[in-house]
Structures are given as structure tokens and as C-alpha cells.
Amino acid sequence: MRKLIVTTLALAFAAGTLFATGAAEAKDKKFISIGTGGPTGVYFIVGQSICRLVHKAAAEGRKTGRKHGIRCSAPSTGGSTYNIGQIREGELDFGVAQSDWQFHAYNGSSKFKGKAFKKLRAVFSVHPEPYHIIVGKNSGIKSWADLKGKRFNIGNPGSGQRGTTEVLMEKYGTKKSDFKIATELTSTEQSKALCDGKIDAYGYTVGVPNAGVSIATDGCGAKIINLMTSVEKGLVDANPFYAFATIPKGTYKTTDADVTTFGVMATFVTSADVAEKVVYEVVRAVFENLDDFRKLHPAFKNLDPKLMIKNALSAPLHPGAVKYYKEKGWM
Ligand code: GLU
């Protein structure tokens, strides 16, 4: 990293020095983008929070002379598999992705069959994401089997929930034609559609609590159902990236008892092609300010660095992340 040390001697050559500095700074400047999810999801807050901390580190660096030159943006996107695809294309530098899709993308399994992304790199894991089936107040749906003949939102292509819903459909032997309609609404559209009576239920993999889910539950009496049959048990037993998850009683107005379902972890990923220095600075900005990060969303409250650097990560860690974790003595 270039340091600007102002000495009397340097001041004497101020004009020349400033010119040289300006040019070097422009060359050092790096714009990074982080793929998130829908604007009402938790991924969007993960991305916005990381950028906020990267910019905080930049502001501190301007005072101390430890400049990293990174400018960060975290646009809303279609979700997990869209983000992984765009990282592969070099269109995004980082992204948030469900642990199941990180695993499948790196290993070339499930929807990534024959399309393994061997340059996918893990950075850290973030919050747990239970898979929710949210059903309309008067829909009478109590289980996966009850979705038959109903209007069910399977999610937009590119979202993590779309993929995880397809895995469940396969395991339950449910075809699209078993639903009255299978809609492909985004996470932002689905709660309104449920409250407007346009769909009967939707599947969503998301952190707890979530503003979008609360529109449907607190807003129009929708409920989250339990998913713990032999199908989910089989999925959890057979795959390291799934685990049972509880949505605690009282999370939303209609959560009058704990909900048991299965879920994944949200993870932060990048490509081996992203420079070590860039990944190091992003990771450093997050972990040096982890207390700030924890306060930015209730789902981040219990984040523990020792778990974040290993839990739910199946792609190799990026060397820029490893460098920081080793410096901290965590590895
Ligand atoms: N898990 C969802 C996905 O992979 C996104 C959830 C969120 O936006 O918080 O697309």
C-alpha cells in the first residue's frame, strides 16, 4: 500500500509531488461490486453493510495514511445463483450465496452439473437462512402435500430459493403441473401477491427476521409452516450444507409456536481472479468493525468470527481472506 509521508523536504517539492500522487491514486482506485438479492431481503443489507464498512475503513485511512482506494457498491440482484454466475463472468467481484449453491457451483453438482466453477472462492459465512413456506391466512395449507392444486410461488430464476424449492420438488416427487400455477415472482413481489390473494403460498430462503416476510405475516396474517418430514430429514442427513433450523415463536405476529424447518447459511463468495489485496481489504474492513456489522441487522447479532471463517464453506478460502485470518491467529 502506498503511504503519503509529508516531510519538509517533500513540501519543498509540493507541486511535483502532488502531481505524482494524484496519478498514482487514480491508478490505485478500484471499484468493486457485490451481488446481493431483492431489496427487501437480508442479502441486500449484507452487501450494503459490507460496503459501508469498506468506506468507513477508507475514511479512517484518509486520516492515518493507510489508504486502500476501494469504492464499493452492492446493487440488488436476482439472488444466489445469479450472483455466482455473474462472479464467474467477471461482472461482479463478490456476492452473497446460499451454502447449498456455493457447494454445488464449486463441485459441479445439482443445477451446476457439468458447469463446475472451480475458481469460486469462499470468504466467510454470514447468517442462517431457514427455508420458509409461507402460506396465506385462509389457504388451509399445513404441509408440502397441501400445496397440490394451489397457486405457489417457486421464485425467480437466479434466486437461491428457486433452486432449493426445485430440490424439494424433486425429493417430494412434485411436478410444476401439480400446482394450480407455479409463479416466478421475485422476493419483493411475493408478499404483496400473497396479501392481494393472487397466490396461496411461497417458498423463501431468508434470514430471520425479514422485512419481506413480515409484510405477509404481520401485514396480512400469513403463517410459516413446519417442514420436518422424512424428506427434509433425508436432505439434512445426506448434505453437509443443510441443517434443521428453528424460527422462534414470537418472531412475527402469527408465529405462535416455534417453526421447525431445514435451512442453509448465507455465505460471502468471490473468484480466484479477484486480487488478494482487494479481498484482504474487504475482509479486514468487516472484521475490524464486526461490532458495527452485528448491529446492522438482527440476523447478524450472534456472528462469531471463529465460525464465520469455516462454517458452511465448501469452496476453498480466497488467499486474501486467509492472509487476514492468519494475521489474527484464527487459522
Ligand atoms: N437466499 C436468497 C437467495 O439466495 C436471498 C435472501 C435474501 O435476499 O436475503 O436468493
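Residues numbered from 1 in each chain as written. Predicted model: local features only at pLDDT ≥ 70, side-chain atom pairs only at ≥ 80, totals over all residues. Heavy atoms only, no water.

Chemist: I'd like to hear about the side chain of Asn153, residue by residue, with values.
Modeler: Inspection of the secondary structure assignment puts Asn153 in strand β5 (residues 151–153). Among the polar contacts made by the side chain of Asn153, one reaches the side chain of Thr183 at a distance of 2.9 Å. The contact partners of Asn153, leaving out residues within four places of it in the chain, are Thr183, Glu184, Leu185, Gln190, Ile199, Ala201, Tyr202 and Gly203. (Helix = DSSP H or I, 4+ residues; strand = E, 2+ residues; numbered from the N terminus. Polar contact = N/O pair within 3.5 Å; in protein donor to acceptor, adjacent residues only side chain to side chain. Contact = heavy atoms within 4.5 Å.)

Chemist: Please give an account of the nonpolar core that cites residues and values.
Modeler: In terms of nonpolar packing, the biggest core is built from 55 residues, with Ile50, Phe94, Val123, Phe124, Phe268, Phe287 and Tyr325 touching the most fellow members. With residues near it in sequence (within four places) discarded, Val123 still touches Phe94, Phe268, Val269, Thr270, Val279, Val283, Leu317, Ala321 and Tyr325. Counting 36 residues, the second largest nonpolar core, distinct from the first, contains Ile84, Leu147, Ala201 and Leu235. (Core = buried A, V, L, I, M, F, W, Y, C linked by side-chain atoms within 4.5 Å. Buried < 20%, exposed > 50% of the residue type's maximum accessible area, 1.4 Å probe, protein only.)

Chemist: Residue-level account of the environment of Val96, with values.
Modeler: Assignment of secondary structure puts Val96 in strand β3 (residues 94–98). Taking relative accessible area as the criterion, Val96 reaches 0% and is therefore assigned buried. Residues Val96 and Val46, 50 residues apart in the sequence, show an inter-C-alpha distance of 7.8 Å. If near-sequence neighbours (up to four positions away) are discounted, Val96 is found in contact with Gly35, Tyr43, Val46, Ser80, Asn83, Ala266, Thr267 and Phe268.

Chemist: Describe in detail unusual backbone geometry, supporting the description with residues and values.
Modeler: If a residue is not glycine, its phi is most likely negative; likewise, a peptide bond is most likely trans. With omega at -5°, the peptide bond leading from Val208 into Pro209 counts as cis. On the secondary structure map, Pro209 appears in the loop between β7 (201–205) and α8 (211–220). Although it is not a glycine, Ser110 sits at a positive phi angle of roughly 50°. Within the secondary structure, Ser110 sits in the loop between α5 (99–107) and β4 (120–135). Judged by relative accessible area, Ser110 falls into the partly exposed class, the value being 36%. Unusually for a residue other than glycine, Ala312 sits at a positive phi of about 65°. Within the fold, Ala312 resides in the loop between α12 (305–308) and α13 (319–327).

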